[in-house]
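# A look at the structure
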Amino acid sequence: MSKDIILCFRKAYFVIHFDRKVERSLNSKNFREDFKKRTGYPTHFLALPLRSKSLEKSITEIKKLLVDEVPLSIFRDYLLAHLTICTLRLPSDKEIGSSLSLLYSLKDEISKFSDNKKIHIRFRGLGTFPEEPTNCRVVYLKPSLSESSPALFPLCEFLMKKFVNAKFSDSNLLVSYAKEKKSINASFLMEKFPSNFLFGDVTVDKICIFKMGARKTQNGLIYESIGEVNIL
């Protein structure tokens, strides 16, 4: 398992986000416009959107358990849930168009990886980024690869390599981008939700390229998809 892919899964699905200041800045128009001009930083990301009743129920129950210990504002909106495959640098319409063409061209190969079936992902326990819980910036639900679809990791690895080789992605950005977030001590969360704690299951049927920075809608915050491919 390559170091780059490990980083992707460690950053994967972060439901609990402790830096509201950074989130507000990502939602500002000026920040998004400046982001597009700074080619050294990611502007988009390739990801699996995560939606399931069991996971939504688990998150609701977690909030109830933590209501007296942490402000509920630390939780990200459920509609933002995703598993990141890689971040992308697409500073112009040309790069955006080329990245979409690449994604669409991989449709048949994606279907072969999934065997024309939806991808199942099970989440157990919590992870932190960086790894040290006493000094981390992100807390996320960990995908259990041994209990998920066998195609999950090979598919993500395949897609990441394609976008890295096309020079749309640089996995080192996963580290540099996280450095902008404040550190917190998440030890009490790791104790409350041990590695065998089952958060829920998700069935994924598509792969999307999302814009960085959530935007407000009537239903809550969402990441805007600029293109997607069905796994089936």
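Because the structure is a prediction, the values reported are computed rather than measured. (Residues numbered from 1 in each chain as written. Predicted model: local features only at pLDDT ≥ 70, side-chain atom pairs only at ≥ 80, totals over all residues. Heavy atoms only, no water.)

### Topic: the environment of L79
On the secondary structure map, L79 appears in the loop between α4 (53–66) and β3 (82–88). Accessibility expressed as a relative area gives 29% for L79, which makes it partly exposed. Spatially, the C-alpha atom of L79 lies 8.1 Å from that of L50, the residues being 29 residues apart in sequence. Setting aside residues up to four positions removed in sequence, L79 forms contacts with R51, N219, L221 and I222. (Helix = DSSP H or I, 4+ residues; strand = E, 2+ residues; numbered from the N terminus. Buried < 20%, exposed > 50% of the residue type's maximum accessible area, 1.4 Å probe, protein only. Contact = heavy atoms within 4.5 Å.)

### Section: the sheet that holds strand β10 (residues 225–230)
Taken in spatial order, the four strands of this open sheet run β3-β2-β7-β10, and their pairing is antiparallel. Each of the sheet's edge strands pairs with one partner strand only, and the pair in question is β3 and β10. Pairwise comparison of adjacent strand axes, ignoring direction, gives a mean angle of 20° for this sheet. Alignment of strand β2 (residues 44–49) against β3, held across six bridges, turns out to be antiparallel. (Pairing = 2+ DSSP bridges. Axes fitted to C-alpha atoms, helices over the stretch in contact; angles between N-to-C directions.)

### Observations regarding the nonpolar core
Counting 49 residues, the largest nonpolar core has L46, F163 and I207 as the members making the most contacts within it. For this core, the element with the highest residue contribution is helix α7 (residues 152–165), accounting for seven residues. Those residues within four positions of L46 in sequence are excluded, and the remaining contacts are L83, T84, I85, C86, L88, L103, L159, F163, I207, C208 and I209. Of all hydrophobic cores here, the second largest spans nine residues; its members include F210, M212, A214 and Y223. (Core = buried A, V, L, I, M, F, W, Y, C linked by side-chain atoms within 4.5 Å.)

### Some thoughts on α7
End to end, α7 covers 20 Å across 14 residues, agreeing with the expected 20 Å (1.5 Å per residue, within 8%). If you check which residues of α7 are buried, you get L152, F153, L155, C156, F158, L159, M160 and F163. Positive phi shows up at K167, right after α7, with a value of about 65°. (Expected span 1.5 Å × (residues − 1).)

### Structural notes on the pattern of salt bridges
This structure, assessed with the given rule, holds eight salt bridges. The partner of D201 in a salt bridge is R122, and the shortest N-O contact between them spans 2.7 Å. Within this pair, whereas D201 is found in strand β6 (residues 198–204), its partner R122 is found in strand β4 (residues 119–129), the two being separated by 79 residues in sequence. The exposure class assigned to R122 is partly exposed, which follows from its relative accessible area of 23%. (Salt bridge = Lys/Arg side-chain N within 4 Å of Asp/Glu carboxyl O.)

### Regarding the environment of L83
Turning to its location among the elements, L83 is positioned in strand β3. In sequence terms L83 and K142 are 59 residues apart; their C-alpha atoms lie 9.8 Å from each other.

### Remarks on the packing of aromatic side chains
All told, the structure shown has eight aromatic pairs when counted by the stated rule. With centroids separated by 5.7 Å and ring planes inclined at 45°, the aromatic side chains of F193 and F199 adopt a geometry described as tilted. Aromatic rings pair up to connect F45, F210 and Y223 into one cluster. (Phe/Tyr/Trp six-rings, centres within 6.5 Å; stacked < 30°, edge-to-face > 60°.)

### A closer look at the confidence of the model for the protein chain
Chain-level pLDDT for the protein chain is 79 on average; 78% of the residues reach the 70-or-more range. For the protein chain, helix α8 (residues 173–178) is the element with the lowest average pLDDT, namely 32, and helix α5 (residues 93–105) is the one with the highest, namely 97. Below pLDDT 50 for its whole length, residues 1–28 participates in 82 contacts with residues either more than four positions away or in separate chains. Contacts from residues 172–180, a stretch scored under 50 in pLDDT, to residues over four places away or in other chains number 23 contacts. (pLDDT = per-residue confidence, 0-100.)

### Thoughts on unusual backbone geometry
Despite not being glycine, N116 shows a phi value in the positive range, around 55°. Topologically, N116 is positioned in the loop between α6 (107–114) and β4. For K167, which is not a glycine, the phi torsion comes out positive at approximately 65°. Relative to the helices and strands, K167 is located in the loop between α7 and α8.

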